[in-house]
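A look at the structure
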Amino acid sequence: LDRSGTRIRRHEDIINHYGSGTWTWDFDWTVDNEVGLQNLLNLIYPENANGADHASGFIIPAAPVTTTDLSHGATGAVNATADIVIDNPVTAESRLMHSAILQTLTLSMDAGTDGGILKASGQFMTGYKPSLQDCDSLVTDNESTASDFAKGLFDITTHTVGGDDASVKTFSLTISNPATRVGFQGSSGEADGYSRNGMIDITGNITIKADTAAMEHIDAWQSNTLLPIVLNDGSTFAFDIPGAVQSGHALDMANEGVFVDIPFTATSGADGGAVPLTIKAT
């Protein structure tokens with residue numbers, strides 16, 4: 001076929017098959033619901049060492065496992081996959097993204113934004129084609145505990161970095177636990193399941209006042225030694241990262257003073273012998 005001189009694509013140049021790909025959905029949420037936050041934690045790592053017992057903390061262990069059945073047709077609790085509904089008042093115009101894997105989850109707090117309240121963001125992925133339909137039966141707006149968790153930076157009473165008390169300006173933590181679509185099934189070529197055996201990365205950043213203790217943390221960076229990070233309110237809201245390793249140490253010249261940005265990676269410590277991350281949200 002002679003296409004010389006053609007500068008515009010033709011219809012037949014575009015190959016589009018609705019069903020054999022992957023779809024993603026990014027979200028950003030100011031956390032105000034305890035169960036919603038716990039569901040997100042379960043979804044990013046379904047094999048939480050404490051299961052549904054969030055009172056004892058959400059734990060990613062030193063040796064994470066993948067025991068959840070993610071094959072097509074498998075049944076399981078909410079901690080395996082999620083159904084995302086974007087409700088539209090117009091009949092049959094709601095969007096349903098089902099059997100979605102939470103691949104990344106970021107939890108962050110900023111003293112200068114929304115009173116330091118905890119925010120959650122991340123990305124869901126599915127190998128099943130989203131559908132347009134009437135989702136009224138899947139959505140409820142009468143949740144009795146719609147706003148029962150509004151905690152943040154100013155609720156924290158213990159805030160230590162490297163064992164030293166720190167004045168915290170911002171804190172963020174990102175958990176990456178990606179999944180890969182496997183095979184296809186059905187006439188539409190939708191996914192036959194997921195594989196979730198790649199590296200789990202836990203990274204973050206904490207910005208603290210540049211006092212004497214904070215400036216000494218540069219030694220830990222230069223020597224590649226651990227810099228444990230602990231934030232908690234003493235009972236129901238906590239982040240414990242005992243095997244944090246710095247990946248930088250940079251001054252932040254803010255209007256309200258001089259701070260230090262400390263990016264970090266959570267590790268399982270020397271010889272993989274420690275729990276890298278515990279989060280409590282109850």
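Refer to the structure printed above.
Residues numbered from 1 in each chain as written. Predicted model: local features only at pLDDT ≥ 70, side-chain atom pairs only at ≥ 80, totals over all residues. Heavy atoms only, no water.

**What about helix α2 (residues 212-223)?**
Within α2 the residues assigned to the buried category are Ala213, Ala214, His217 and Ala220. For α2, the arc enclosing every buried residue in end-on projection is 90 degrees, short of the 170-degree limit, so these residues lie on one face. In α2, the exposed positions that point more than 90 degrees away from the buried face belong to Thr212 and Gln222. Looking at the buried positions of α2, the neighbouring elements they touch are β7 (158-161), β8 (164-165), β12 (201-209), β15 (244-246) and β17 (257-266). (Buried < 20%, exposed > 50% of the residue type's maximum accessible area, 1.4 Å probe, protein only. Helix = DSSP H or I, 4+ residues; strand = E, 2+ residues; numbered from the N terminus. Arc of directions from axis to C-beta. Contact = heavy atoms within 4.5 Å.)

**Some words on the packing of aromatic side chains**
Under the defined criterion, the tally for this structure stands at 9 aromatic pairs. Between the aromatic rings of Trp25 and Phe27, the centroid separation amounts to 6.0 Å while the plane-to-plane angle is 20 degrees, which identifies the pairing as stacked. Judged by relative accessible area, Trp25 falls into the partly exposed class, the value being 31%. Between the aromatic rings of Phe149 and Phe237, the centroid separation amounts to 5.9 Å while the plane-to-plane angle is 80 degrees, which identifies the pairing as edge-to-face. Of the two residues, Phe149 is situated in the loop between β6 (131-133) and β7 and Phe237 in strand β14 (residues 237-241); the sequence distance between them amounts to 88 residues. Per residue, the accessibility class of Phe149 equals that of Phe237, and both read buried. In this structure, Lys169 packs its charged tip against the face of Phe259, placed 5.0 Å from the ring centre. (Phe/Tyr/Trp six-rings, centres within 6.5 Å; stacked < 30°, edge-to-face > 60°. Lys NZ or Arg CZ within 6 Å of the ring centre and 35° of its normal.)

**Considerations on the pattern of salt bridges**
Side-chain pairing between opposite charges can occur once the charged atoms of the two side chains come close. Counted under the stated rule, the structure contains 4 salt bridges. Asp114 serves as the salt-bridge partner of Lys119, at 2.6 Å between the closest nitrogen and oxygen. Between Asp252 and Lys169 there is a salt bridge whose closest N-O contact spans 3.3 Å. One end of the pair, Asp252, is in strand β16 (residues 250-254); the other, Lys169, is in strand β9 (residues 168-176), and 83 residues separate them in sequence. (Salt bridge = Lys/Arg side-chain N within 4 Å of Asp/Glu carboxyl O.)

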